[in-house]
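Architecture and fold: a report
Next come the chains, spelled out residue by residue.
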Amino acid sequence: MLKLNDPALLETRAYVNGEWIETGRTFAVFNPATGDKIADVTDLGVDDVSRAIDKAYDARASWAAKTGKERGAVLRKWFDLILENADDLATILTAEMGKPLAEAKGEILYGASYVEWFAEEAKRIYGDVIPGHQPDKRIVVLKQPVGVVGSITPWNFPNAMIARKVAPALAVGCTFVARPAELTPLSALAMAVLGERAGLPQGVFNVIPSIDASAIGKELCANPKVAKITFTGSTRVGKILMEQGAATIKKVSMELGGNAPFIVFDDADVDAAVEGALIAKYRNAGQTCVCANRIYVQSGVYKEFSEKLSKRVAALSVGDGFQDGVAIGPLINEAALSKVEAHLSDAIAKGARIATGGQRHALGGTFFQPTVVTDVNRSMIVQHEETFGPIAPLFEFETEDEAVELANDTEFGLAGYFYSKDISRVWRVAERLETGMVGINTGLISTEVAPFGGVKQSGQGREGSKYGADDYLELKYMCFGEIH
Ligand SMILES: NC(=O)C1=CN([C@@H]2O[C@H](COP(=O)(O)OP(=O)(O)OC[C@H]3O[C@@H](n4cnc5c(N)ncnc54)[C@H](OP(=O)(O)O)[C@@H]3O)[C@@H](O)[C@H]2O)C=CC1
Ligand SMILES: O=C(O)[C@H](O)CS(=O)(=O)O
């Protein structure tokens, strides 16, 4: 049993229309570090989800009719409650997802920062007044909430990915139906417990755990009462949702797969680049969409960088996320581990060498040694596919043009990173990278104040920042005539 200050946060029922409901059907949630069952969670079917959508639809008008200040006040209370309960929320998160407790706490604070940011933005959803095109005309542009939002989120950030979506949606007056990943529903349900305490009205925020992702996704995409789908996950599933939503012209926000390049130029601060690579590659055991998936190092510093990185990586401790000092927790499941091993064996078969790690960890289960691989080339799978695990493949390059060409040789375009102290090179490379986000001399770029999102097949839309509310708004143009 989890040790919580407030045991009520370990909620296992679905949250629909301000009520905690059970269906008589449940699915088990397990701790990936130990294999122990944490809880049995209510499983909703399509009919239950259709009802949740109806209730969110019914709640739209009254929620949108509140002032931005009123909506912002509820979000602010939610933020305060999340902070007050951050330790319990982190415990629940580490238990169901496996990341080290310190990272889980960081995720809770990161997710909360979006609730705080949009509690403030709620009062600033400004429209426009446009000078008339004829003497008797006056033109006004309103921004209005799109309506009911369907949300589908992944297991790797089970709190922050929902927070990053529900906060702007509710701030502007939308209502929200959240389907968390089957592997990690407890963090979402705990958010609902606190949202209820914060005063979110019935039907505004609904959490619909279920094992049948495909069927629930079809309902969210097909139901005409759902105005928008917001999704974080793989590009494969993003395409399915976009196709399914086309029948009702669903608006979509897609935060999809990544394949981030991490480039170290000869003029880089190599020690800083090593620190940046450690966080960009090994955060969440490499299970983030903005993880450095390919590391390109210019020949002049290749030996120094690979030796220094390998030494630091070999010292990273692997274990249960609840253990003090653990840096690398378990991968989420056996499938994730198999993908890591497949990428690694492909690279080795094509001439790459293991500098450190490379094996399943002695702890067994889904623990894997943090790994550095050298002598990697673009024929290997790691150049083209997202590994989503603690493997750092090091490529050597000679020229800036070669590095940029390699970095852009992917259908993905979420994040990219590079280290250089040459300001002209910094601008040249940053402008040429085909990504939505660029880290320059830093390996950690995620913040609520900046627009998070990708280009190419890494998605569309932005989350966070002054741009983040736009995805949940429609523009209405009003033309006043006969003004004399
Ligand atoms: N751009 C970003 O911010 C992020 C991108 N990703 C990408 O996702 C991949 C790994 O994450 P993962 O969670 O496995 O990704 P998936 O795309 O498999 O799953 C993401 C979510 O979609 C659900 N889902 C799966 N299939 C369907 C379907 N047919 N219809 C509706 N929903 C569906 C999943 O449900 P369930 O799990 O219950 O099956 C989960 O809740 C990697 O490629 C990673 O880069 C992941 C996180 C963030
Ligand atoms: O889903 C993810 O991988 C997150 O978007 C990564 S981050 O925002 O926490 O950096």
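What counts as what
- Residues numbered from 1 in each chain as written.
- Chains lettered and ligands numbered in written order.
- Predicted model: local features only at pLDDT ≥ 70, side-chain atom pairs only at ≥ 80, totals over all residues.
- Heavy atoms only, no water.
- Helix = DSSP H or I, 4+ residues; strand = E, 2+ residues; numbered from the N terminus.
- Expected span 1.5 Å × (residues − 1).
- Buried < 20%, exposed > 50% of the residue type's maximum accessible area, 1.4 Å probe, protein only.
- Lys, Arg positive; Asp, Glu negative; His and termini not counted.
- Salt bridge = Lys/Arg side-chain N within 4 Å of Asp/Glu carboxyl O.
- Polar contact = N/O pair within 3.5 Å; in protein donor to acceptor, adjacent residues only side chain to side chain.
- Contact = heavy atoms within 4.5 Å.
- UniProt positions renumbered as here; feature names shortened; annotations may be inferred.
- Pairing = 2+ DSSP bridges.
- Near = heavy atom within 4 Å.
- Areas by Shrake-Rupley, 256 points an atom, 1.4 Å probe, with all protein chains shown as cover.
- Nonpolar A, V, L, I, M, F, W, Y, C, P; charged D, E, K, R; others polar.

With that settled, the discussion passes to helix 2 (residues 68-84). Each full turn of the α-helix corresponds to 3.6 residues, which orients residues three or four apart in the same direction. The end-to-end C-alpha distance of helix 2 is 24 Å, a good match for the 24 Å that 17 residues give at a rise of 1.5 Å each. Within the span of helix 2, buried status applies to G68, R71, G72, V74, L75, W78, F79, L81 and I82.

Our next topic: the side chain of K228. In this fold, K228 is placed in strand 10 (residues 226-232). The charged side chain of K228 is buried without a salt bridge, its nearest counter-charge being D471 at 4.4 Å. Reaching out from K228, the side chain makes a polar contact with the backbone oxygen of D471 at a distance of 3.0 Å. K228 has contacts with V146, V148, V149, G150, K250, K251, V252, S253, D471 and Y472, leaving out every residue within four places of it along the chain.

With that settled, the discussion passes to the UniProt feature "active site" (unreviewed entry) in the chain. Taken from the UniProt record, the annotation "active site" (unreviewed entry) applies to E255. Its location among the elements puts E255 in strand 11 (residues 251-255).

All right, on to the pairing of strand 15 (residues 371-376) then. Burial analysis of strand 15 places five of its six residues in the buried class, the great majority of the element. When strand 14 (residues 353-356) meets strand 15, the two strands line up antiparallel, connected through three bridges. Paired with T356 across the two strands is V372, which belongs to strand 15. Relative to strand 16 (residues 391-397), strand 15 is paired through four bridges, and the arrangement is parallel. Bridging across to strand 16, V376 finds its partner in F395.

This part covers the site of ligand 2. Taken together, the neighbourhood of ligand 2 is formed by Y110, N156, F157, M161, R164, R283, T288, C289, V290, S446 and F452. Y110 is positioned with one of its side-chain polar atoms (N or O) 2.9 Å from an oxygen atom of ligand 2. One of the side-chain nitrogen or oxygen atoms of S446 is found 2.4 Å away from an oxygen atom of ligand 2. When isolated, ligand 2 has an accessible area of 290 Å², and the protein chains bury 99% of it. Looking at the shell around ligand 2 residue by residue, the classes come out as six nonpolar, three polar and two charged.

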